[in-house]
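# Examination of the molecular architecture
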Amino acid sequence: MSTNLPHKVITDSELSFKQNAKKVLRASYDYEIEQDYRHNASCFLFFESMWGLGLPFAAIATVVPAYMMAISAPKVLIGIVVSLPIILSPLQLITSYRYEQRHRKYWLVFSYIACCVPWLFYTLTALFFPAMLSPQFHWLLFTISMVVFLGLITANGAVHLSLLMDCTPLKKRGTLFGYRMAGMALGFILMLPLALWVMRRWPEGQNYLVAFCIAIPIYMLSSVALIRIREHRNPETRPAYGPNHTKIKGFLPAIHLALRQLVHEPNYRVYMFFTILFFVPLMMGS
């Protein structure tokens, strides 16, 4: 009995030390993100506002399918391209696993720029050397460029959101989300008259390519704003401090852990059910 007592005292001391260390880390983290909030919020707002400037020229849900109709692409192919954000959403599991604990902002900047390159290459080729491409080759190249663009954009959704949440105080997240949407809407409204002029100025088919030439560099330029973010990490989500860090060394164990959370957390199950219920009709609508 006496031999077990010291062991219990040491264990309690270690537990108390870990709890205090977590509190100190959390307090330091809360102070740092509060200090950098204005700076980081301005970076996120600039990114979304710039993205909004490009939307009237190359909105995926409207302009892209309209262009594919202009080049007489098969309707099935148009439906597949519009559905790519849903079809490719499982890629978020891979990117969030690989880049969640690395320099997220550098990955986001690099991938957001890289995903535009095939689209820009196709647009310039189709605009200045149209005779080089047969109709079928138009469909193929444009579809490939959309797969790359939408694949990386979709895959980065979880990484982008984790960066945003980790750099924003809890009570200000809703406010920032609202300002981001407002900034995107403002950019869209400002550029809409120019987009309408472009669509009327050039003949059908060519007008979309001119619009893409405007939108794609704007998308690429907007990504640069993310590199100025002062990145922070919530200490409670770091593998070094998380309670399950020894269980998630590997992609498949991480998926297994997520499925276990889905089974054991009723709120999570309800959230996932209604999220799936929301997105399935969107995919079928395409």
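Secondary structure summary: the protein chain contains 13 helices and zero strands in total. Tracing the protein chain from N to C terminus, the helices and strands come up as α-α-α-α-α-α-α-α-α-α-α-α-α. The proportion of buried residues among the 286 residues of the protein chain is 38%. At a minimum sequence separation of 6, the contacts of the protein chain that also span at least 24 residues come to 83%. Total accessible area computed for the protein chain in this model is approximately 16,900 Å², and 70% of it derives from carbon and sulfur atoms.

Per-residue pLDDT for the protein chain has a mean of 83; in total, 83% of the residues score no lower than 70. pLDDT under 50 marks residues 5-10. Its contacts with residues more than four places away, or in other chains, come to zero contacts. Counted against residues more than four places away or in other chains, residues 240-248, with its pLDDT under 50, gives 13 contacts.

A few words on the nonpolar core. Of all hydrophobic cores here, the largest spans 63 residues; its most connected members are Trp-119, Phe-142, Phe-149, Phe-212 and Tyr-219. Other than its neighbours up to four places away in sequence, Phe-149 contacts Trp-51, Ile-60, Cys-115, Cys-116, Trp-119 and Tyr-219.

Applying the stated rule across the entire model yields 16 aromatic pairs. Summarising the aromatic geometry, the rings of Tyr-67 and Phe-212 are spaced 5.4 Å apart at their centres and angled 80 degrees between planes, so their arrangement reads as edge-to-face. Taken together, the residues Tyr-67 in helix α3 (residues 63-70) and Phe-212 in helix α11 (residues 206-223) connect sequence positions 145 residues apart. Like Phe-212, Tyr-67 is buried. Site record: aromatic cluster; members linked through ring pairs are Phe-47, Trp-51, Tyr-67, Tyr-112, Trp-119, Tyr-122, Phe-142, Phe-149, Tyr-208, Phe-212 and Tyr-219. The ring of Phe-177 carries the charged tip of Arg-180 above its face, separated from the ring centre by 5.0 Å. Here the basic side chain of Arg-201 rests over the ring of Trp-202, its NZ or CZ set 5.0 Å away from the ring centre.

Another point: α11. Each turn of an α-helix holds 3.6 residues, which means side chains three or four residues apart point in the same direction. Compared with an ideal rise of 1.5 Å per residue, which puts 18 residues at 26 Å, α11 spans 27 Å between its outermost C-alpha atoms and is within 8% of the ideal. Most of α11 is tucked away: 13 of the 18 residues are buried.

Moving on, we come to unusual backbone geometry. The phi torsion at Ser-72 lies on the positive side, around 60 degrees, for a residue other than glycine. The exposure class assigned to Ser-72 is exposed, which follows from its relative accessible area of 54%.

Moving on, we get to the pattern of salt bridges. For the structure on display, the rule yields six salt bridges. A salt bridge links Asp-36 to Arg-230; the shortest N-O distance between them is 3.2 Å. Taken together, the positions of Asp-36 in the loop between α1 (4-35) and α2 (37-58) and Arg-230 in the loop between α11 and α12 (251-264) put the pair 194 residues apart, joining distant regions of the chain. Relative accessible area serves as the criterion here: at 41%, Arg-230 is assigned to the partly exposed category. Within the structure, one salt-bridge network assembled from shared partners comprises Arg-104, Asp-166, Glu-231 and Arg-233.

Definitions and limits used
- Residues numbered from 1 in each chain as written.
- Predicted model: local features only at pLDDT ≥ 70, side-chain atom pairs only at ≥ 80, totals over all residues.
- Heavy atoms only, no water.
- Helix = DSSP H or I, 4+ residues; strand = E, 2+ residues; numbered from the N terminus.
- Buried < 20%, exposed > 50% of the residue type's maximum accessible area, 1.4 Å probe, protein only.
- Contact = heavy atoms within 4.5 Å.
- Areas by Shrake-Rupley, 256 points an atom, 1.4 Å probe, with all protein chains shown as cover.
- pLDDT = per-residue confidence, 0-100.
- Core = buried A, V, L, I, M, F, W, Y, C linked by side-chain atoms within 4.5 Å.
- Phe/Tyr/Trp six-rings, centres within 6.5 Å; stacked < 30°, edge-to-face > 60°.
- Lys NZ or Arg CZ within 6 Å of the ring centre and 35° of its normal.
- Expected span 1.5 Å × (residues − 1).
- Salt bridge = Lys/Arg side-chain N within 4 Å of Asp/Glu carboxyl O.

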